[in-house]
Amino acid sequence: MLSARLIVLSLVLAATSACITSGPSAKLGVQEGQASYVPARIALVGCQVWPDGARFAKLPLTNAKPAELRELCAAADGYLLAGFQGQPYMKGYSPRFVVEGLEQAGDKELLGTLPQIWSHRASDSGDAVNAPAVYNSSIAQRPEWLLWLNRLSTDVHNADAVLLPFITYAYDHLYDDSGLYVAERSAGIVVLLIDTNNGALIWAGGRDAVAANKRLSNGNVTGPLNIPPWTELKDRLFIEDLWKEFPGRQVF
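Residues numbered from 1 in each chain as written. Predicted model: local features only at pLDDT ≥ 70, side-chain atom pairs only at ≥ 80, totals over all residues. Heavy atoms only, no water.

1. With respect to the environment of Thr196
In this fold, Thr196 is placed in the loop between β6 (180-195) and β7 (201-216). Given a relative accessible area of 4%, Thr196 falls into the buried group. Sequence separation between Thr196 and Asn150 is 46 residues, and the spatial gap between their C-alpha atoms is 6.1 Å. Excluding residues within four positions of it along the chain, Thr196 makes contact with Leu149, Asn150, Ser153, Ala159, Asp160, Ala161 and Val162. Polar side-chain contacts of Thr196 include one of 2.8 Å to the backbone oxygen of Ala159. (Helix = DSSP H or I, 4+ residues; strand = E, 2+ residues; numbered from the N terminus. Buried < 20%, exposed > 50% of the residue type's maximum accessible area, 1.4 Å probe, protein only. Contact = heavy atoms within 4.5 Å. Polar contact = N/O pair within 3.5 Å; in protein donor to acceptor, adjacent residues only side chain to side chain.)

Structure representation (structure tokens):
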């Protein structure tokens, strides 16, 4: 079975490599050459933290606790899954359904192998400035990644696309901005819609959000300046703009 998959993927790779773009940057929204494609069956994979080995330029460092990152991912999963409701042209398999399909196929370890497959290599361009660019220039054409996509599609009702959400960073920051005290919380998310047949990036969505409390250093207020709660940041991060240009999505 494995050798047959590799043969098929080698043929797919040879046929499609010219269609996958590369370069130091890539836009959010529908990717070049994908405007008319609306996937029929999308496998939603549970949110995870952006792999350390796939870092890109200008990516902020994360200091959020593991439990806080899990909370952000849980919120992302809930928001994205709810986004399929009432959408006649968007059919998605939930993260739980995806896991069940993988377990039934004896492939339950598949999701955990993604960070290793996406790890940095000497052949990578190294000058990508955002997550879609990292994917297009360094990951999309890797044979083991195409095999990963093929396995997931086979195990999850022949899904023709996979939706991958990542928390790219999350941090708290306390600082003095020329006499203005700031307690800031910030996070970013990127969501990639990928063709399981050839690894092509169909669409990318992303947002960065900041919530901050401020006061003048010479004010009469005493006591600590509290960092805004995660709920406030989530309300700014998970909004309709994250879905901008998603294939087949109707805005009512």
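Next comes the rest of the account.
2. Digging into the state of the cysteines
With the rule as written, the count across this model stands at 1 disulfide. At a sulfur-sulfur separation of 2.3 Å, the disulfide partner of Cys47 is Cys73. Sign of the S-S torsion, about -55° for the bond between Cys47 and Cys73, identifies this disulfide as left-handed. Of this pair, Cys47 sits in the loop between β2 (42-44) and β3 (48-49) while Cys73 is found in helix α2 (residues 66-82), placing the two residues 26 residues apart along the sequence. Of the two residues, Cys47 and Cys73, neither departs from the other in class, the shared state being buried. (Disulfide = S-S within 2.5 Å.)

3. A look at the pattern of salt bridges
Enumeration over the complete set of coordinates arrives at 8 salt bridges. For Arg151, the salt bridge is made with Asp107, and the minimal N-O distance between the two is 2.3 Å. With Arg151 in helix α6 (residues 143-155) and Asp107 in the loop between α3 (95-104) and α4 (114-117), this residue pair connects regions lying 44 residues apart in the sequence. Note on accessibility: Arg151 and Asp107 belong to one class, buried. (Salt bridge = Lys/Arg side-chain N within 4 Å of Asp/Glu carboxyl O.)

4. Regarding the pairing of β6
When you tally the buried positions in β6, you get 14 out of 16 residues, the bulk of the element. Of the pairings in the sheet, the one linking strand β5 (residues 161-177) to β6 comprises 16 bridges and is antiparallel in character. Bridge assignment links Leu163 to a residue of β6, and that residue is Leu193. With antiparallel pairing between neighbouring strands as the criterion, β5 and β6 make up a hairpin whose turn holds 2 residues, including Ser178 at a positive phi of roughly 55°. Taken together, the 15 bridges between β6 and β7 define a ladder with antiparallel strand orientation. Across the sheet, the residue bridging to Val182 is Lys214, located in β7. Here β6 folds back onto β7 in antiparallel fashion, the turn holding 5 residues, of which Gly199 has a positive phi close to 80°. (Pairing = 2+ DSSP bridges.)

5. Observations concerning the environment of Pro143
You can see Pro143 is positioned in helix α6. Assessed through its relative accessible area of 46%, Pro143 is described here as partly exposed.

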